[in-house]
Amino acid sequence: MRERIRDTTAGAGRRTAACCLVASAIALGACMPGMNDSAAMSGDGQKGTAGEATAGSPAPAWPAGRWPLAEDPALEARIDALMVQMRLEDKIGQLVQADIASVTPEDMRRYRLGSILAGGNSDPGGRYDAAPADWLALADAFHAAAMDTRDGGVAIPPLFGIDAVHGNSNVVGATLFPHNIGLGAARNPQLLRRIGEITALETRVAGMDWAFAPTLAVPQDDRWGRTYEGYAEDPALVAEYATEMVEGLQGRVGDADFLGPSRVIASAKHFVGDGGTDNGKDQGDTRTPPEELARVHGAGYPPSITAGVQTVMASFNSIHGEKMHGHRTMLTDVLRNRLDFRGFVVGDWNGHGEVAGCENTRCPNAVAAGIDMLMAPDTWKGVYETTLAAAREGTLPMARVDESVRRILRVKLRMGLFEAPQPSARTHGGDFALLGAPAHRAVARQAVRESLVLLKNAGGVLPLHPKATLLVAGDGADDVGRQSGGWTLNWQGTGTVRDDYPNAQTILEGLREQVQAAGGRVEHAADGRYRKKPDAAIVVFGEEPYAEFQGDLQDLRYKRGDERDLALLRRLKADGIPVVAVDFGYTDRPVAE
């Protein structure tokens, strides 16, 4: 959630490139809710050593990384013991992640899958407004199935991943924070750490233990539909924030609570270059030179790895025409050998299917290139069967399979999942009072305040006197869903109603609460047709919620062909009313008229 403001007293038609909300005098209550194995093996079973690069590879353009965790002989002995017990079928299962809308606990028991995820439109019972208790019960059911070995197999707890990208935003009642671009405007690394901590805690409450965050994209073209998911176009800020968010989610390496019961596994994403595609096309081709790819688009990965991030998610985009999910040079030479990453690499939603020679249900090439866990949401059974067949045939070397399985088991052991009970019996499982807790909402309020950007204040319209009579207009003033944007309760963030946000306030509600408490008066008219001429008007508007490629634009005109918001601003100005324009667009796309 990011807001823009324009004072229209100096006339409309200015092109702007930042966002803001009214905050000068009124505190808004907007707390939303094919490879061989001849290479040397490193200490955790990975090929090569930190800083190594094959001749002619782009790896030298990247800084040599440093994994912060020392090898743990006791942990490695546990992995050895598990690997001896595991059948080939068990091992292949660990390489597959299925979506809860397409897999059942019985499937988990039979196929021994490594992980489940809840995609943006996947919820318990298919209900976007499922209760937190339903999420927790589902987590328990899958955990019980994974630990059930009556028909053979090894009991290995699953990971449950979710797009907790601005809070645990798929769960009703969870605290919602501004989207990353707003947090970038706040320029407060310590705030990012606290947001990560809260997000981790509220994610654990509902039974998940893996957050698909942080997004480390460095957007370079605002036409890209995921621009708002990046913190900034400045790689230095993204790098600084990467450490804070990873440590907020996972804890700090060396601290007693690192990967503890109030923490989740983080996932640095999307590796790499998603913010630099030609023409801002989502999942497109990034054609930057190796040095620029490393310096700009890779800026967040070295600090994330130094912070001990446990997973990295591969990107949908290509690098000079080669899809990242099959890009061995980037996934192995750079990420593993140069940057010294020793967690595991997960794919994105059927991203393996875009690799040359692959399909959504068949892509051992992605594993060969360096993907450890294939995100196969609705194609998991086909992926399981074809990967198993490739391993049996030897076209996917057994050493490569074992390498990925060890990486996944290592993360699960670091997380303490083998000792943990079912999710509802864990330290914070089912503590639903923590969802949207007052202290958490206070941090969300702080994040909203600090993310605001005042573009101009010609004529001194701001600050507004809290005892004034104010008109609140615009179709976005009383709509939490519009304020919250994509990745909120569902993928696109659309189709929700007010009751879906029990711990939130709309902009109108926040204004009314503060103004009335100060002795002022608020009149609300979405169309701006006031009963009594106000002292000033606050007009709230912005883009409709969207996510991913559905937000891609050909140009940056605001709502091309729809002049209603501008007409409202002009009409109120013509009436002689000082007007404050609040645009809660989710990107830093300019408002061009």
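Since this is a predicted model, take the numbers as computed values, not measurements.

**A word on helix α8 (residues 290-297)**
Buried within α8 we find Leu293, Ala294, Val296 and His297. Tucked into the core, α8 has its buried residues touching α7 (235-250), β7 (285-286), α9 (301-306), β9 (318-319) and α10 (328-338).

**A look at the sheet that holds strand β8 (residues 311-314)**
Across the sheet, three strands lie side by side as β6-β8-β11; this open sheet has parallel pairing. Edge positions in the open sheet fall to β6 (267-271) and β11 (344-346), since each of these has one partner strand only. Going from strand to strand, the sheet's axes swing by 30° on average, the running direction of each strand aside. Note: β8 against β11, three bridges, orientation parallel. What sits directly across from Thr311, in β11, is Phe344.

**Considering the pattern of salt bridges**
Following the criterion strictly, the structure yields 38 salt bridges and no others. Two residues, Glu247 and Arg252, come together in a salt bridge whose shortest N-O distance is 3.7 Å. Under the relative-accessibility criterion, Glu247 is labelled buried at 11%. Judged by its relative accessible area of 39%, Arg252 is partly exposed. One salt bridge in this structure joins Arg336 and Asp372, with 2.4 Å as the shortest N-O distance. With Arg336 in helix α10 and Asp372 in the loop between α11 (364-369) and β12 (374-375), the pair connects residues that are 36 residues apart, well separated along the chain. Neither residue differs from the other here; Arg336 and Asp372 are each classed as buried.

**Observations concerning the packing of helix α6 (residues 189-205) against α7**
Interaxial distance between α6 and α7 falls to 7 Å at its minimum, and their mutual angle equals 30°. Taken together, the axis directions place α6 and α7 in an arrangement best described as roughly parallel. Crossing of α6 over α7 shows right-handed handedness. Of the residues in α7, those touching α6 at Pro189, Leu192, Arg193, Ile195, Gly196, Glu197, Thr199 and Ala200 are Glu240, Tyr241, Glu244, Met245, Glu247, Gly248 and Leu249.

**A look at helix α14 (residues 438-451)**
In this model, α14 (14 residues) spans 20 Å end to end at C-alpha, consistent with the 20 Å of a helix rising 1.5 Å per residue. Along α14, the residues that are buried comprise His440, Val443, Ala444, Ala447, Val448 and Ser451. Seen along its axis, α14 keeps its buried residues to an arc of 145°; they face one direction. Exposed and oriented more than 90 degrees from the buried face of α14 are Pro438 and Ala439.

**So, the environment of Ala174**
By the element assignment, Ala174 lies in the loop between β4 (159-162) and α5 (180-186). Between the alpha carbons of Ala174 and Pro502 there is a distance of 9.0 Å; along the sequence they are 328 residues apart.

**A look at the pairing of strand β13 (residues 469-473)**
Counted residue by residue, β13 has five buried out of five residues, so it is predominantly covered. Of the two faces of β13, both are covered, the one formed by Thr469, Leu471 and Ala473 as well as the one formed by Leu470 and Val472. Two strands pair when backbone bridges link them, and β13 and strand β14 (residues 521-524) are joined in this way by four bridges, in the parallel orientation. When the bridges of β14 are listed, Leu471 appears paired with Glu523.

**Concerning the packing of aromatic side chains**
Summed over the entire model, instances satisfying the criterion amount to 11 aromatic pairs. Where Tyr111 meets Trp380, the ring centres are 5.1 Å apart and the plane angle is 75°; that geometry is what we call edge-to-face. Separated by 269 residues along the polypeptide, Tyr111 in helix α3 (residues 105-111) and Trp380 in helix α12 (residues 380-393) bring together distant segments of the chain. The exposure class assigned to Tyr111 is buried, which follows from its relative accessible area of 7%. The exposure class assigned to Trp380 is buried, which follows from its relative accessible area of 4%. Ring geometry for Tyr231 and Tyr241: centres 5.1 Å apart, planes at 80°, overall edge-to-face.

**What about the side chain of Arg112?**
Of note, Arg112 is situated in the loop between α3 and β3 (115-118). Within the structure, the side chain of Arg112 is placed 3.2 Å from the backbone oxygen of Val154, a separation counted as a polar contact.

Scoring rules and cut-offs
- Residues numbered from 1 in each chain as written.
- Predicted model: local features only at pLDDT ≥ 70, side-chain atom pairs only at ≥ 80, totals over all residues.
- Heavy atoms only, no water.
- Buried < 20%, exposed > 50% of the residue type's maximum accessible area, 1.4 Å probe, protein only.
- Helix = DSSP H or I, 4+ residues; strand = E, 2+ residues; numbered from the N terminus.
- Contact = heavy atoms within 4.5 Å.
- Pairing = 2+ DSSP bridges.
- Axes fitted to C-alpha atoms, helices over the stretch in contact; angles between N-to-C directions.
- Salt bridge = Lys/Arg side-chain N within 4 Å of Asp/Glu carboxyl O.
- Parallel < 35°, antiparallel > 145°, perpendicular 65-115°, else oblique.
- Left-handed = near helix turned anticlockwise from the far one by under 90°.
- Expected span 1.5 Å × (residues − 1).
- Arc of directions from axis to C-beta.
- Phe/Tyr/Trp six-rings, centres within 6.5 Å; stacked < 30°, edge-to-face > 60°.
- Polar contact = N/O pair within 3.5 Å; in protein donor to acceptor, adjacent residues only side chain to side chain.

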